[in-house]
Amino acid sequence: MQVVTTLAELRAARAALPEPVGFVPTMGYLHAGHLALVRCARRENAAVAVSIFVNPTQFGPGEDLERYPRDLARDLRLLQAEGVDLVWAPTPEVMYPEGYQTWVEVADLTRVLEGAHRPGHFRGVTTVVSKLFAGMQPRRAYFGQKDAQQARVIIQMTRDLNLPIEIVVCPTVREPDGLALSSRNTYLTPEQRQAATVLYRALQAARQEYEAGRREAENLRQTMRAVLAAEPLARPQYVSCADPDTLQELQGPVEKALLSMAVFVGQTRLIDNLLLGYPDGVYPRYVPEGLG
Ligand code: PAF
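None of the values given here were measured: they were computed from a predicted structure.

Student: Break down the sheet that holds strand β5 (residues 140-144) for me, citing the residues and quoting the values.
Tutor: Taken together, 6 strands build an open sheet; the order of strands is β1-β4-β3-β2-β5-β6 and the sheet is parallel. On the outer flanks of this sheet lie β1 (2-4) and β6 (166-170), each paired with one strand and no other. On average, adjacent strands in this sheet sit at an angle of 25° to one another, irrespective of strand direction. Pairing of strand β2 (residues 21-26) with β5, which is carried by 2 bridges, proceeds in the parallel orientation. Each residue of the ladder has a partner; that of F23, found in β5, is A141. Where helix α3 (residues 72-81) meets the sheet, its contacts fall on β1, β3 (47-52) and β4 (86-88), and the angle it forms with β3 comes to roughly 170°. Sitting on the sheet, helix α6 (residues 121-136) is in contact with β2, β3, β4, β5 and β6, with an inclination near 140° to β4.

Structure (structure tokens):
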């Protein structure tokens, strides 16, 4: 496994990889969710590349950029054990050198849900992912359904910019009690960790309503809110039942829907979601025209 930092090192290492290359962009502090993406990339490509970069431009003022967990040595051990071929771990200076002034922005999809509560977040994500794609030039890139809006926004960006990259969305990996894996779970105290299962419980309660035929969007939102309200340590920021494609809130009976929420447990902001009406529970793979 080669580990590179600079663009010159990356270009040399990338040119030596067999095609096709599957790419997993990450912010490090890897968990089983990231490793599931790596395994998915392994199955479908001749080489697997991973990036590790805590991207400062996707954190807002007052968010957890400084305390975001980092452990490069451990991450590299995990990736080595997965048979990864190339790791790119750039510094902030490599990604955003002095005088940097170019941004990539997806419009409507980023104004709702996470975007409404984290101004500038998706501009940072789409900018860094464009730069990571430009550096790595993968045939396929892998993202988790856990960050559903991010996955939808990346698909839109890839389509709008005519990037010749397939976007593959993999299922959310969960703890046995349902908590979605996230690097931010490490912030939770044992008591908060217990309480954090409320996101999954709320989503499951709404799924039961949907399966029982009570499919009014407002009923699904209300069901989630009621479960969250019963957990004293949880402070919901938003609860949504949205169109999976446009991400606009739905009204009336739903067929396909993205149920999602952001909830503070203590100071930790957790997100989770469930995609209803899709056989695999994930956004379908995006294959650019002519690449199939
Ligand atoms: O999902 C993440 O870890 C990040 O948002 C990503 C895609 C690596 C961009 O920094």
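Student: Let's hear about the packing of aromatic side chains: which residues, and what values?
Tutor: The final tally for this structure, using the stated rule, is 8 aromatic pairs. Aromatic pair Y100 and W103: ring centres 5.6 Å apart, planes at 85°, arrangement edge-to-face. When its relative accessible area of 33% is taken as the criterion, W103 is described as partly exposed. Clustering of aromatic rings is evident, with ring pairs tying together F53, Y96, Y100 and W103. Its guanidinium or amino end placed over the ring of W103, R123 lies 4.0 Å from that ring's centre, counting from NZ or CZ.

Student: Before we move on, could you go through the pattern of salt bridges and cite the residues and values that matter?
Tutor: Evaluated as defined, the whole model comprises 21 salt bridges. The shortest N-O distance in the salt bridge between D245 and R152 comes to 3.2 Å. Pair noted here: D245 is in the loop between β7 (234-242) and β8 (257-265) and R152 is in helix α7 (residues 148-160), with a separation of 93 residues, a long-range link. Among the residues examined, D245 registers a relative accessible area of 45% and is labelled partly exposed. The salt bridge partner of E218 is R225, with a shortest N-O separation of 3.2 Å. Overall, the relative accessible area of 33% leaves R225 in the partly exposed class.

Student: If you had to explain the sheet that holds β7 to someone new, which residues and values would you point to?
Tutor: Strand order in this open sheet of 3 strands is β7-β8-β9, and the pairing throughout is antiparallel. The open sheet is flanked by β7 and β9 (268-276), the only strands paired with a single partner. Ignoring strand direction, the axes of neighbouring strands in this sheet form an average angle of 10°. Pairing of β7 with β8 involves 8 bridges; the strand directions are antiparallel. Bridge pairing in β8 places Y238 opposite A262.

Procedures and definitions
Each residue is numbered by its place in its chain's sequence as written, counting from 1. A pLDDT threshold of at least 70 governs which residues receive local features in this predicted model, and a stricter bar of 80 or more applies before side-chain atom pairs are shown or counted, although totals over entire chains, interfaces and linings include all residues. By convention in this description, side-chain values take in all heavy atoms of the structure and omit both hydrogens and water. Pairing between two strands requires that DSSP report at least two bridges joining them. Every helix listed is a DSSP run of H or I at least four residues long, and every strand listed is a run of E at least two residues long, numbered separately from the N terminus. The axes used here are C-alpha line fits, helices contributing only the stretch in contact, and every angle between their N-to-C directions lies in the interval 0 to 180 degrees. Here, residues are in contact when the closest pair of their heavy atoms is within 4.5 Å. Two rings from Phe, Tyr or Trp (for Trp, the six-membered ring) form a pair when their centres are within 6.5 Å of each other. A pair whose planes differ by under 30 degrees is stacked, one over 60 is edge-to-face, and the rest are tilted. Three labels apply to residues, based on accessible area from a 1.4 Å probe with only protein chains included: buried if under 20% of the type maximum, exposed if over 50%, partly exposed otherwise in between. Note on criteria: charge over ring means Lys NZ or Arg CZ within 6 Å of the ring centre, with the direction from the centre no more than 35 degrees off the ring normal. Here, a salt bridge means any side-chain nitrogen of Lys or Arg that lies within 4 Å of a carboxyl oxygen of Asp or Glu.

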